[in-house]
Protein chains: 2
Amino acid sequence: MTNSRSSPRRLGEFAMIAKYFAPLAKGAKGAFDLKDDVAVLELPKGAKLIAKVDAVVEDVHFFRSDPPDLIAQKALRVNLSDLAAKGALPLGYLLSLSLPSWVDNAWIAAFARGLAKDQKRYGIHLLGGDTTATPGVLTISVTALGVGTAKKTPRRAGAAPGDLVFVTGTIGDAGAGLAVLKGKGASLTKLERDTLIRRYRLPEPRLVLGRLIAPLVSASLDVSDGLIADLDHIAEVSGVAIDVDASSIPLHKASRKLWGGGAVAKAAAAGDEYEIAFTARPRAHAAIAAAARRTKVKVTHIGTVQEGKGVRLLKNGRSVRIERAGYTHF
Amino acid sequence: MTNSRSSPRRLGEFAMIAKYFAPLAKGAKGAFDLKDDVAVLELPKGAKLIAKVDAVVEDVHFFRSDPPDLIAQKALRVNLSDLAAKGALPLGYLLSLSLPSWVDNAWIAAFARGLAKDQKRYGIHLLGGDTTATPGVLTISVTALGVGTAKKTPRRAGAAPGDLVFVTGTIGDAGAGLAVLKGKGASLTKLERDTLIRRYRLPEPRLVLGRLIAPLVSASLDVSDGLIADLDHIAEVSGVAIDVDASSIPLHKASRKLWGGGAVAKAAAAGDEYEIAFTARPRAHAAIAAAARRTKVKVTHIGTVQEGKGVRLLKNGRSVRIERAGYTHF
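Since we're looking at a predicted model, the values are computed, not measured.

Asks: If you had to explain the overall build of chain A to someone new, which residues and values would you point to?
Replies: Within chain A, the secondary structure is distributed over 10 helices and 12 strands. Its C-alpha atoms give chain A a radius of gyration of 21 Å, near enough to 20 Å, the size a compact globule of 330 residues would have. Considered along the principal axes of its C-alpha atoms, chain A spans approximately 65 × 55 × 35 Å. The buried share of chain A, taken over its 330 residues, is 63%. When contacts within chain A are restricted to residue pairs at least 6 apart in sequence, long-range pairs at least 24 apart make up 86% of them. Charge-centre separation for chain A: the mean point of 47 positive side chains lies 5 Å from the mean point of 31 negative side chains.

Next up, the structure:
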């Protein structure tokens, strides 16, 4: 539209795509080495397409000084995490990049290396994309595409009174990692600080576990707004109440050390965790535990579904106040 | 990540989605009224998924002062245009919005009205999305999803020597409209100026025609980088040369009036046209003309495919220099 905003520090659009991004599409049928205008995907017979878009923005979700490969991996993983919670097998992703002039070839190269690493890890490819200049901040929008593997794709709706509530991994690690990045955690060892920062920067989408438990759950989502806020989404859409036993929430020992007595409340409110929170009938408990053992992902029973509405965090049977019920980027 | 950047001028994320965007998902199976984390789509049996992402950015593709409904429609249509060139039937779209603080409720409401209008026009729905705040400029990324209707989805590759080259509509209108917006066109009537501006702001994806000609074309794409630049994409990927007869390029009389003797060269270089440029075997000519009549879309034979490489713009058999061969937002 307005004249092209060249950056002397990086290749032009077509050359950049050819050099850094086309290799990421290599081997993906229907991505045409990014030399066409669209991606053409043939899904397995009868498969449902699962689609999710999420953007990460400089100074909102990451900093300019963060390692570009980690920014790339997180942008991808926050979307794969949604697919994991729905039991989907990821096929690939589309990438929409808005690049300010400070982004140079070296940054793009490192960013692409991060994507390549995760493509290998998760067996996916870049299917298509779009790059544009921006006078604003670096903005990365990823659309993840997958196929549903469960007969019934897990949703937020579906939790029923009597169901058990579970969560994967440990909760609050990412929130603690962010606090450490902001200068907290002097009492922690370097290893503890690094572990928490890594958990913040590199969430681990629970894709294999997600597919195993998808037929067993009554409702499921990934924890991005915060454990309590996200369970509240399930409660609201399912028309139920959820009671969470505060002492059951699985915490990493480093975040417990960081936050002391307030650790549970902090963890319950922390966003960007990207673990799966889900509900299931009690009879599914043994099969869920078996899936956890098989994938070596910790799965913890943290509460129950009740009639009513809202989420209560209970400590010795009494409600605990939490700092912030919801987490939004607004 | 960093603390939420509230804007006092608009609703919070969840309330905004519920009020302005959930109505756009109403009636779309698998969009769950935007109350879930992913969209779940069941495609017709054996259907191929066609996917495309494209972002539009404030001060690059549009101005803050542009009418929000038109910004919305253009953001959607530039993606639908790609689907049209590939003969796809659009199913719906995902929307990723990065909103600076100047965007208020009234802007969002008008933006959503624009989307609603085009959803009705094209029979599609909002399937999912993501909104975030940004300290930068307004950035709108649309992922369009459709199903391929042709046995063989038209690509950039496939043009062969002897094929004819066609283009839909008139070329250069959008480029002329942009020039008018920048102050040119004092000699034009108000109606002529408005017509060109509208062509710039509201491209018309040739969806119905695109589906009719998809089985007839050998290569096809939409004109976004510029007629010559885009034909060059076809030539490069197909491994052929393309000769375009300058006098055959269909121009709007208003852009001819605006640009005078240089009109053809300007039009051939102008981006953002969103007409379909395609090649086809000569024997398909009659069927293409019939599709044009049926859909009342002008289709013009403008050149031929030759052995060799590159695109030549010919005037009385002599090559004409064009101002700018490629159009990128870099």
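Asks: Account for the pattern of salt bridges, naming residues and giving values.
Replies: Between side chains of opposite charge, a pair can form as their charged atoms come close. According to the stated counting rule, one finds 40 salt bridges over all chains in the structure shown. A salt bridge links K86 of chain B to D37 of chain A, with the nearest nitrogen and oxygen atoms 3.1 Å apart. Taken together, the residues span two chains, with K86 of chain B in the loop between α2 (68–85) and β3 (88–99) and D37 of chain A in the loop between α1 (13–25) and β1 (39–42). For the residue pair K86 of chain B and D37 of chain A, the accessibility class agrees, reading buried in each case. Across the pair K257 of chain B and E192 of chain B runs a salt bridge, and its minimum N-O distance is 2.8 Å.

Asks: Residue-level account of the pairing of strand β10 (residues 299–306) of chain A, with values.
Replies: All names here are of chain A. The pairing of strand β6 (residues 164–168) with β10 spans 5 bridges and is classified as antiparallel. Bridge pairing in β10 places V165 opposite G303. As paired strands, strand β8 (residues 241–245) and β10 are joined by 4 bridges and run antiparallel to one another. Of the residues in β10, the one forming a bridge with I242 is V305.

Asks: Got a sec to walk through the interface of chain B and chain A? Specific residues and values, please.
Replies: Listed per partner, the contact involves 74 residues of chain B and 75 residues of chain A. Taking both sides of the interface into account, the surface hidden between chain B and chain A amounts to around 6,300 Å²; carbon and sulfur atoms contribute 60%. In this structure, the connection of chain B to chain A is made through 8 salt bridges. Our count for the chain B to chain A interface comes out at 21 residue pairs in polar contact (both at pLDDT 80 or more). Elements that contribute at least two residues to the side of chain B that touches chain A include exactly α1 (13–25), β1 (39–42), β2 (48–57), β3, β4 (125–133), β5 (139–148), β7 (219–222) and α7 (227–238) of chain B. With 9 residues, the top contributor of residues to the side of chain B that touches chain A is β2 of chain B. A class-by-class count of the residues in the side of chain B that touches chain A yields 34 nonpolar, 19 polar and 21 charged. Summarising the sheet, β1 of chain A and β2 of chain B pair through 4 bridges and their orientation is antiparallel. Its bridge partner being in β2 of chain B, V40 of chain A is matched across the sheet by I50 of chain B.

Asks: Account for the relation of the copies chain B and chain A, with residues named and values stated.
Replies: In the superposition of chain B on chain A (RMSD 0.0 Å, axial shift 0.0 Å), the rotation amounts to 180°. The relationship between the two copies is best expressed as a two-fold rotation axis. Using C-alpha coordinates, one finds that chain B approaches the rotation axis most closely at G136 of chain B, a distance of 2.0 Å. In this assembly, 100% of the residues forming the interface of chain B have copies in chain A that are likewise at the interface, indicating an isologous arrangement.

Asks: How would you explain the packing of aromatic side chains if you had to name every residue and give the values?
Replies: Under the definition given, this model contains 6 aromatic pairs over all chains. Judged by centre distance (5.1 Å) and plane angle (15°), the ring pair of F166 of chain B and F278 of chain B falls under stacked. One end of the pair, F166 of chain B, is in strand β6 (residues 164–168); the other, F278 of chain B, is in strand β9 (residues 276–280), and 112 residues separate them in sequence. Taken individually, F166 of chain B and F278 of chain B each receive the classification buried, so the pair is uniform in this respect. Put simply, the rings of W102, W107 and F111 of chain A touch in pairs and so form one group of aromatic residues. When the ring centre of Y200 of chain A is taken as origin, the NZ or CZ atom of K74 of chain A, which lies over that ring, is 3.9 Å away.

Asks: Which residues make up α1 of chain B, and what values do they have?
Replies: Residues that lie three or four places apart on an α-helix share one face, since the helix turns once every 3.6 residues. Residue and element names in this part refer to chain B. Where α1 bends most, at K19, the angle is about 40°, and the proline P23 comes one to four residues later. By the burial criterion, the buried members of α1 are E13, M16, Y20, F21, A22, L24 and A25. If you follow the buried residues of α1, they end up packed against β3, α3 (105–122) and β4. Remark: G27 follows α1 within two positions and exhibits a positive phi of approximately 90°.

Asks: Tell me what's going on with the sheet that holds strand β11 (residues 310–315) of chain A, and back it up with residues and numbers.
Replies: All names here are of chain A. Taken in spatial order, the 7 strands line up as β7-β9-β6-β10-β8-β11-β12 in an open sheet, and their pairing is mixed. For this open sheet the edge positions go to β7 (219–222) and β12 (318–319), each flanked by a neighbour on one side alone. Pairing analysis gives 4 bridges linking β7 to strand β9 (residues 276–280), with the strands arranged antiparallel. If you follow D222 over to β9, its bridge partner there is I276. Helix α2 (residues 68–85) rests against β7 and β9 of the sheet, and its axis sits at about 170° to β7.

Asks: Before we move on, can you summarise the sheet that holds strand β10 (residues 299–306) of chain B with the specific residues and values?
Replies: Here we have 7 strands laid out as an open sheet, ordered β7-β9-β6-β10-β8-β11-β12 (chain B), and mixed in their pairing. Each having just a single partner strand, β7 and β12 (318–319) of chain B make up the two edges of the open sheet.

Asks: Tell me about the nonpolar core, residues and numbers included.
Replies: Of all hydrophobic cores here, the largest spans 132 residues; its most connected members are F21 and I140 of chain A together with F21 and I140 of chain B. With sequence-adjacent residues up to four places away left out, F21 of chain A is seen in contact with M16, L34, L95, L97, I108, F111, L115 and L126 of chain A.

Asks: How would you sum up the side chain of D222 of chain B? Please name residues and give values.
Replies: With respect to the secondary-structure elements, D222 of chain B resides in strand β7. Although buried, D222 of chain B forms no salt bridge, and the nearest oppositely charged side chain, K52 of chain B, lies 6.4 Å from it. A distance of 2.7 Å separates polar atoms of two side chains, one belonging to D222 of chain B and the other to S81 of chain B. Setting aside chain neighbours within four positions, we find D222 of chain B in contact with D37 of chain A together with V78, S81, D82, A85, D230, Y274, E275 and I276 of chain B.

Asks: Can you explain the confidence of the model for chain A? Please cite residues and give values.
Replies: Residues and elements named next belong to chain A. Mean pLDDT over chain A works out to 93, with 95% of the residues at or above the 70 mark. pLDDT under 50 marks residues 1–5. Its contacts with residues more than four places away, or in other chains, come to 24 contacts. For this predicted complex, the interface score ipTM comes out at 0.92, alongside a pTM of 0.93.

Rules used in this analysis
- Counting restarts for each chain, with residues numbered from 1 along the sequence as it is written.
- Written order determines the labels here, with chains lettered from A and ligands numbered from 1.
- Predicted model: local features are reported for residues with pLDDT of at least 70 only, side-chain atom pairs are reported and counted for 80 or more only, and whole-chain, interface and lining totals are derived from all residues.
- Side-chain metrics in this entry use all non-hydrogen atoms of the structure; hydrogen atoms and water are not considered.
- A run of H or I in DSSP counts as a helix once it spans at least four residues, and a run of E counts as a strand once it spans at least two, with each numbered from the N terminus.
- Two things to know: the radius of gyration comes from C-alpha atoms, and the globule rule equals 2.2 Å times the number of residues to the power 0.38.
- Exposure categories follow from relative accessible area, calculated using a 1.4 Å probe and restricted to protein chains: below 20% of the type maximum is buried, above 50% is exposed, and the middle band is partly exposed.
- By definition in these notes, contact holds between two residues if any of their heavy atoms fall within 4.5 Å.
- When charges are counted, Lys and Arg are positive and Asp and Glu negative, with His and the chain ends excluded.
- Here the site of a charge means atom NZ of a Lys, CZ of an Arg, CG of an Asp or CD of a Glu.
- Salt-bridge detection follows one rule: a side-chain nitrogen of Lys or Arg within 4 Å of a carboxyl oxygen of Asp or Glu.
- Two strands qualify as a pair provided that DSSP identifies no fewer than 2 bridges between them.
- Accessible area, probed at 1.4 Å, shrinks when two parts are joined; the buried area is that loss added up over both.
- Any pair of N or O atoms that falls within 3.5 Å is considered a polar contact. Within protein, one atom must be able to donate a hydrogen and the other to accept it, and sequence-neighbouring residues count only if both atoms are side-chain atoms.
- The residue classification treats Ala, Val, Leu, Ile, Met, Phe, Trp, Tyr, Cys and Pro as nonpolar and Asp, Glu, Lys and Arg as charged. All others, Gly included, are polar.
- Overlaid copies result from least-squares superposition on C-alpha atoms, with residues included only where pLDDT is at least 70 in both.
- Whether two aromatic rings pair depends on their centres lying within 6.5 Å, for rings of Phe, Tyr and Trp, where Trp uses its six-membered ring; planes under 30 degrees apart make the pair stacked, over 60 edge-to-face, and the rest tilted.
- Throughout this description, the term charge over a ring refers to an Arg CZ or Lys NZ atom that lies within 6 Å of the ring centre and within 35 degrees of the ring normal.
- Across the chain, bend at a residue is computed as the angle between axes fitted to the seven residues ending at that point and the seven starting from it.
- To obtain each axis, a line is fitted to C-alpha atoms, and for helices this fit is confined to the stretch in contact; angles are then taken between N-to-C directions over 0 to 180 degrees.
- What we call a nonpolar core is a set of buried Ala, Val, Leu, Ile, Met, Phe, Trp, Tyr and Cys residues that are connected through their side-chain atoms within 4.5 Å.
- Values of pLDDT, which run from 0 to 100, indicate the predictor's confidence residue by residue.

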